Amino acid sequence: CDRCHGEIQGVPGMGAMGAKLKPAWMRDLISGHVSDKPRPWLGARMPAFPGYADELAAGMSHRHGYSHLPDPPESVDKALAEVGRQLVSPFNGFSCVSCHGVGDLKPTQVFESEGINLAYSAERLQPEFYRRWLLNPIRIDSATKMPVYFDEEGNSPLYDVLEGDSGRQLDAIWQYLLLGSQMTPPPVE
């Protein structure tokens with residue numbers, strides 16, 4: 001695994017996979033059952049290991065204190081998801097769509113490196129990892145091209161959205177991400 005993970009540019013290291021990814025998604029990826037590859041622009045492809053998928057996903061999850069059992073589905077707060085949709089837009093938002101696609105909407109202006117399609121994020125990511133990542137992506141991956149949007153105390157620069165409360169803003173974006181393939185892309189023009 002470590003011949004690619006952490007060695008090939010753009011392929012994440014193995015160390016934190018169990019803290020980052022949900023076990024069911026890891027199992028599906030390892031077994032070769034994920035059709036929407038998170039990084040389609042990479043030349044390297046994850047080989048399938050169906051005979052080891054359950055044990056590898058469970059082991060990586062357990063290593064970080066997570067159960068290997070799937071979490072119950074989260075219900076979506078539609079009103080908060082709509083605020084999350086605004087927050088990923090270029091209009092009074094963080095302009096996430098500059099680098100990240102949303103379903104069929106392609107990124108609008110990738111500067112250095114394309115990001116993961118947001119429509120697949122919630123099914124892949126542990127909620128705790130998502131929050132840590134958005135608060136300070138460079139702390140997790142010093143080579144990331146993802147900008148830091150919040151200050152050192154976790155304060156948001158968008159004071160007029162949810163009273164500038166970064167926790168509530170992150171919750172709103174998460175609610176939007178939970179919509180998955182049902183996400184309505186934000187306006188970009």
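Residues numbered from 1 in each chain as written. Predicted model: local features only at pLDDT ≥ 70, side-chain atom pairs only at ≥ 80, totals over all residues. Heavy atoms only, no water.

Peer 1: Summarise a nonpolar patch on the surface; cite the residues concerned and give the values.
Peer 2: Together, M46, F49, Y52 and L56 make up an exposed nonpolar region whose accessible area comes to about 370 Å². In this fold, M46 is placed in the loop between helix 2 (23-31) and helix 3 (53-63). (Patch = residues over 30% accessible without salt bridge, like charges linked within 9 Å, V, L, I, M, F, W, Y side chains within 5 Å. Areas by Shrake-Rupley, 256 points an atom, 1.4 Å probe, with all protein chains shown as cover. Salt bridge = Lys/Arg side-chain N within 4 Å of Asp/Glu carboxyl O. Helix = DSSP H or I, 4+ residues; strand = E, 2+ residues; numbered from the N terminus.)

Peer 1: A description of the packing of aromatic side chains should follow, citing residues and the corresponding values.
Peer 2: Under the criterion given, the structure shown has 4 aromatic pairs. Consider the rings of Y130 and W174, whose centres lie 4.9 Å apart with planes at 45 degrees: the pair is tilted. Taken as a pair, Y130 in helix 6 (residues 127-135) and W174 in helix 8 (residues 166-178) lie far apart in primary sequence, 44 residues in all. With relative accessibility at 5%, the residue Y130 sits in the buried group. Here the aromatic residues F94, Y149 and F150 are joined through ring pairs into a cluster of three or more. Across the ring face of W25, the terminal group of R124 is positioned such that the distance to the ring centre comes to 5.1 Å. (Phe/Tyr/Trp six-rings, centres within 6.5 Å; stacked < 30°, edge-to-face > 60°. Buried < 20%, exposed > 50% of the residue type's maximum accessible area, 1.4 Å probe, protein only. Lys NZ or Arg CZ within 6 Å of the ring centre and 35° of its normal.)

Peer 1: Residue-level account of empty space enclosed by the protein, with values.
Peer 2: Tallied over the entire structure, the rule returns 1 cavity of 30 Å³ or more. Taken as a whole, the largest cavity encloses approximately 60 Å³ of empty space. Surrounding the largest cavity, F94, C96, L134, M146, Y149, F150 and I173 form its lining. Broken down by class, the residue content of the lining of the largest cavity amounts to 7 nonpolar, no polar and no charged. (1 Å grid on protein atoms, 1.4 Å probe; cavity = no way out; pocket = protein on both sides within 12 Å on 5 of 7 lines; lining within 4 Å. Points joined across faces, edges and corners; volume = space filled by probe spheres on them. Nonpolar A, V, L, I, M, F, W, Y, C, P; charged D, E, K, R; others polar.)

Peer 1: Any details on the pattern of salt bridges? Residues and values, ideally.
Peer 2: Counted according to the given criterion, the structure contains 5 salt bridges. A salt bridge links R168 to E163, with the shortest nitrogen-to-oxygen separation between them at 2.5 Å. For E163, a relative accessible area of 62% translates into the label exposed. Here the salt bridges share partners, and the residues they tie into one network are R27, D28 and D54.

Peer 1: Let's hear about the environment of F111: which residues, and what values?
Peer 2: Note that F111 resides in the loop between helix 4 (78-87) and helix 5 (121-124). Sequence separation between F111 and D77 is 34 residues, and the spatial gap between their C-alpha atoms is 32 Å. Setting aside residues up to four positions removed in sequence, F111 forms contacts with S98 and C99. (Contact = heavy atoms within 4.5 Å.)

Peer 1: I'd like a description of the side chain of Q175, backed by residues and values.
Peer 2: Of note, Q175 is situated in helix 8. On the basis of relative accessibility, which here comes to 11%, the residue Q175 falls in the buried class. In this structure, Q175 is in contact with S75, V76, D77, L80 and A81, ignoring residues within four places of it in sequence.

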